[in-house]
Number of protein chains: 2
Amino acid sequence: MALLSVTMLPPAFISLIYRDGGGVSFLMSFLFCLIAGLLFWYPNRAEKSDLRAREGFLIVVLFWSVLASFSAVPLLLLEQPNLSIADAFFESFSGLTTTGATILTQIDGLPHAVLWYRQQLQWLGGMGIIVLAVAILPILGIGGMQLYRAEIPGPVKDSKMTPRIADTAKHLWLIYVTLTFACAISYWAAGMSLFDAICHSFSTIAIGGFSTHDLSMGYFDSPLINFICVFFLLIAGVNFALHFAVLNSRSLRNYFYDAEFKAFLGIQFSLILVCFIVLASFNVYQSNFDNFEQALFHAVSIGTTAGFAGTSAGEVAFSSWPTLLPLLLIFASFIGGCAGSTGGGMKVIRVLLLYLQGVRELNKLVHPKAVFTIKLGNKALPNRVVEAIWGFFSAYAAVFVICMLLLLAAGMDDLAAFTAVAACLNNLGPGLGQVAANFAEINDFSKWVLVVAMLFGRLEIFTLLVLFTPAFWRT
Amino acid sequence: MALLSVTMLPPAFISLIYRDGGGVSFLMSFLFCLIAGLLFWYPNRAEKSDLRAREGFLIVVLFWSVLASFSAVPLLLLEQPNLSIADAFFESFSGLTTTGATILTQIDGLPHAVLWYRQQLQWLGGMGIIVLAVAILPILGIGGMQLYRAEIPGPVKDSKMTPRIADTAKHLWLIYVTLTFACAISYWAAGMSLFDAICHSFSTIAIGGFSTHDLSMGYFDSPLINFICVFFLLIAGVNFALHFAVLNSRSLRNYFYDAEFKAFLGIQFSLILVCFIVLASFNVYQSNFDNFEQALFHAVSIGTTAGFAGTSAGEVAFSSWPTLLPLLLIFASFIGGCAGSTGGGMKVIRVLLLYLQGVRELNKLVHPKAVFTIKLGNKALPNRVVEAIWGFFSAYAAVFVICMLLLLAAGMDDLAAFTAVAACLNNLGPGLGQVAANFAEINDFSKWVLVVAMLFGRLEIFTLLVLFTPAFWRT
Ligand SMILES: [K+]
Ligand SMILES: [K+]
């Protein structure tokens, strides 16, 4: 919490540089969070006990929800834009969960401090996610992620939980910061202003999707910038533990030993191909280069769950592409990035294992007495992991249906409700129909439902769901 | 096949009674099917070998698709209505799979022979389904249905496959015919003409949804008829093997020892309650009795996947109910009836086991080292069954998404595409939007996609899917 308060200082500083009057609210929030943080920390400073699984769930959920709530404070205190409580929480949760859905409409006119703050929220969210996904969820065993328990990077295997997580975090964050730096430099070199370059590098590496412009990446109207964005999105959509392993072994071949990595690239490539073929056959853009650029950009942007838009003013927006494509890409966002990346969705590895299990089912029907095992690389997969992934899949579907019914009950139309839930649960960002550009027009109840959906998505359903079981609270 | 040809005679006979000129095509089809049937049967008459699992799949798939294709012949030969090939196949598959979706628009004006034939298709389809679901799928082990292997009724356990299926069929069909008889008498006593009473008893017990009137059950404008329909739908939505067990033990208590039966009633009751509360609070119908009658009728009609409509002319149709309800009921149709009933959907038992497995996952997260088993009644459930159900669930989702994308690619709008696939895959019948009343307006390609969806739904996905695996065709 005290750490969070420090994160309020950069936007205040930015505000000073640009003299646009947003600084006071960030300074006030800094003080507020610092005091609240110290109040929380002071009575607990002596407790250095090691974590147990049950406390793990509680801490992860509290960490995200409390942090996101406090992050809403500066947005609430702002005079321009003047946000309601629901709006401020929506924007703050959307930032920290790297969803990238926004309730703001005229982004270009906002103070620089606010713009910076939104991007920074996503970047910090991304940092949280990779540690959560690489180190914490495997230990807790969420949705089959015990699979990765042995692969957590760092020298101290089998040590206690707390120091191990800290050690892993250090390694991953170094990669994360380096990538952000490389991305910012590339954007800058490609013609963005320094401010825009840094801001967009934050939301690119975090696969967040927030932008400092209403037109998102389309504002720059530059194929080069779009290609850079695609390149870094594909890197950020890969398991950071795999990046770490490649760095450690200094051999790029490790990428291609990884089944999830291959499936991830295969899925993105197929999406690009389908989009290009349809766009070209409908002649949606002026040249085939434009068709290719737009297909590439949006397939990867939606497929990795970033949610950037890449069409400049006057061009056909993604949400108006021939019927099939927008929904196809929204469906693809259910797959999302690799486990241990900053991407959302159900993760490539889970979908891959579901597919392999489906194939095994079919083989078993033909040869009822034979024994089939699912292999990943050259290790056989324990049944326990497969079971846990099935559980994850159906819980995902159940949360999806419930959220969608709530939105319908609140009066949203079918397409908007379906895609809004998909956009938030998959931490994607934009939907279709009423919520294609932003979420400003929906009512407060719907916003709260979607805030919960974002949190469910980011905490991989079970981390949050487990708190609602009686067994959890029994001592 | 020769048997099928005999089924062409009743409509020809009906045609004679009503002298409406539809008889010739049925007589011609009779001869055609008889000859084709004899041609198939004659060279194979000596083969009386017992079935193996692999041949089982092929025979089941061929049985349904060949039978439904031949059933399309009389519809093709008709002069009034004059149907295209796609239309005739759609109607015939919709009948035999008891889906009840229709491409016909002015049903009231059709010859009695055609009306009778459509209803009879559903009734025969229902007969096929209960044997398929109670005896054949458990032996083949489709989607966890090996669970019921020990419960197949009939005296000869562990005997060879063919005589055992024949024996089971005899028992179940007796119940089926008795129920149809009771239902027809009730309808007749409640004021239907004898022809309508018999026709609707066919489609009620088969949970089919075809009617002899454009307004479906709403034509009769009679709460009593609606209540009778609900009563028999609830009976037909229960596992016929359970009916058999109750009859055998002469104790109604057996129903309430059955977890699936209780869950089925619980789901239907909740649907009725939600519909009634929403209808009453929106004052959709004139009195609260009307609100209750409509809520009861449509909740059960859609929830059991019958798909009858029950609103008379001038009243608010089901598809125009406040937004939430139509989609809620469409979602409920994914659950559908009990296994071994004539209902469609994924079946109550599978959803129940998915739910229990979800609860187990959560408990395992809290107590990672404890061992939890799923109990059904007082038997522990083997892991193999749970795995197979997960496989079923994801294959269902995959088939759903692919069919929906195909319809979108063919130019259907989102709501229609979503509900059309749900209506056909769940063997429900009516969708929403463009396909709320009938499927006449959609293009031929979409009709073929939906025909395949109906077959996938009725054969519980895997029976059909397994034919597409290389392993199946390897000797
Ligand atoms: K995003
Ligand atoms: K039906």
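Conventions we followed
- Residues numbered from 1 in each chain as written.
- Chains lettered and ligands numbered in written order.
- Predicted model: local features only at pLDDT ≥ 70, side-chain atom pairs only at ≥ 80, totals over all residues.
- Heavy atoms only, no water.
- UniProt positions renumbered as here; feature names shortened; annotations may be inferred.
- Donors = N, O, S within 2.8 Å, 3.2 Å for Na, K, Ca; no water.
- Helix = DSSP H or I, 4+ residues; strand = E, 2+ residues; numbered from the N terminus.
- Buried < 20%, exposed > 50% of the residue type's maximum accessible area, 1.4 Å probe, protein only.
- Phe/Tyr/Trp six-rings, centres within 6.5 Å; stacked < 30°, edge-to-face > 60°.
- Lys NZ or Arg CZ within 6 Å of the ring centre and 35° of its normal.
- Contact = heavy atoms within 4.5 Å.
- Buried area = accessible area lost by both parts, 1.4 Å probe.
- Polar contact = N/O pair within 3.5 Å; in protein donor to acceptor, adjacent residues only side chain to side chain.
- Nonpolar A, V, L, I, M, F, W, Y, C, P; charged D, E, K, R; others polar.

- In the nomenclature of an unreviewed UniProt entry, chain A corresponds to Trk system potassium uptake protein from the organism Colwellia chukchiensis.
- According to its UniProt record, chain A has this under Function (unreviewed entry): "Low-affinity potassium transport system. Interacts with Trk system potassium uptake protein TrkA."
- In its Subcellular location (unreviewed entry) section, the UniProt record describing chain A reads: "Cell inner membrane".

1. Regarding the coordination of the potassium ion (ligand 1)
Residue and element names in this part refer to chain A.
Logical step 1: Note on the potassium ion (ligand 1): its protein donors are Thr 98 (O), Thr 99 (O), Ile 207 (O), Gly 208 (O), Thr 305 (O), Ala 306 (O), Asn 427 (O) and Leu 428 (O). The metal-donor distances range over 2.5 to 3.0 Å.
Logical step 2: For the potassium ion (ligand 1), all donor residues lie on one chain, and their spacing in sequence is T-T-x107-I-G-x96-T-A-x120-N-L. Of this pair, Thr 99 sits in the loop between α5 (85–96) and α6 (112–140) while Ile 207 sits in the loop between α8 (194–205) and α9 (223–236); the two residues are 108 residues apart in sequence, bridging distant segments of the chain.
Logical step 3: Residue classification places Thr 99 among the buried residues on the basis of a relative accessible area of 0%.

2. With respect to the coordination of the potassium ion (ligand 2)
All names here are of chain B.
Logical step 1: Donor atoms from the polypeptide that bind the potassium ion (ligand 2) are Thr 98 (O), Thr 99 (O), Ile 207 (O), Gly 208 (O), Thr 305 (O), Ala 306 (O), Asn 427 (O) and Leu 428 (O), placed at 2.6 to 3.0 Å.
Logical step 2: Mapping the donors of the potassium ion (ligand 2) onto the primary sequence gives the spacing T-T-x107-I-G-x96-T-A-x120-N-L.
Logical step 3: Given the relative accessible area of 0%, Thr 98 is considered buried.

3. Quick notes on the packing of aromatic side chains
All names here are of chain A.
Logical step 1: Considering all chains together, one arrives at 44 aromatic pairs over all chains under this definition.
Logical step 2: For the ring pair Phe 227 and Phe 289, a centre distance of 6.3 Å and an interplane angle of 80° mean the geometry is edge-to-face. On the criterion of sequence distance, the pair formed by Phe 227 in helix α9 and Phe 289 in helix α13 (residues 288–303) is long-range, its members being 62 residues apart.
Logical step 3: When its relative accessible area of 43% is taken as the criterion, Phe 289 is described as partly exposed.
Logical step 4: Directly above the aromatic system of Phe 210 lies the positively charged group of Arg 118, at a separation of 4.0 Å from the ring centroid.

4. Thoughts on the interface of chain B and chain A
Logical step 1: Contacts between the two partners involve 44 residues from chain B and, on the opposite side, 44 residues from chain A.
Logical step 2: Of all residues in chain B, the largest losses of buried area upon contact with chain A belong to Leu 365, Val 366 and Glu 387 of chain B, amounting jointly to 16% of the total for that side.
Logical step 3: Viewed at the interface, chain A and chain B are joined by zero residue pairs in polar contact (both at pLDDT 80 or more).
Logical step 4: Looking at the side of chain B that touches chain A, the elements that each hand over two or more residues are α4 (53–77), α14 (324–332), α15 (348–366), α16 (383–409), α17 (414–425), α19 (462–465) and α20 (470–473) of chain B.
Logical step 5: Broken down by element, the side of chain B that touches chain A gets its largest block of residues, 14 residues, from α16 of chain B.
Logical step 6: Classifying every residue of the side of chain B that touches chain A gives 28 nonpolar, nine polar and seven charged.

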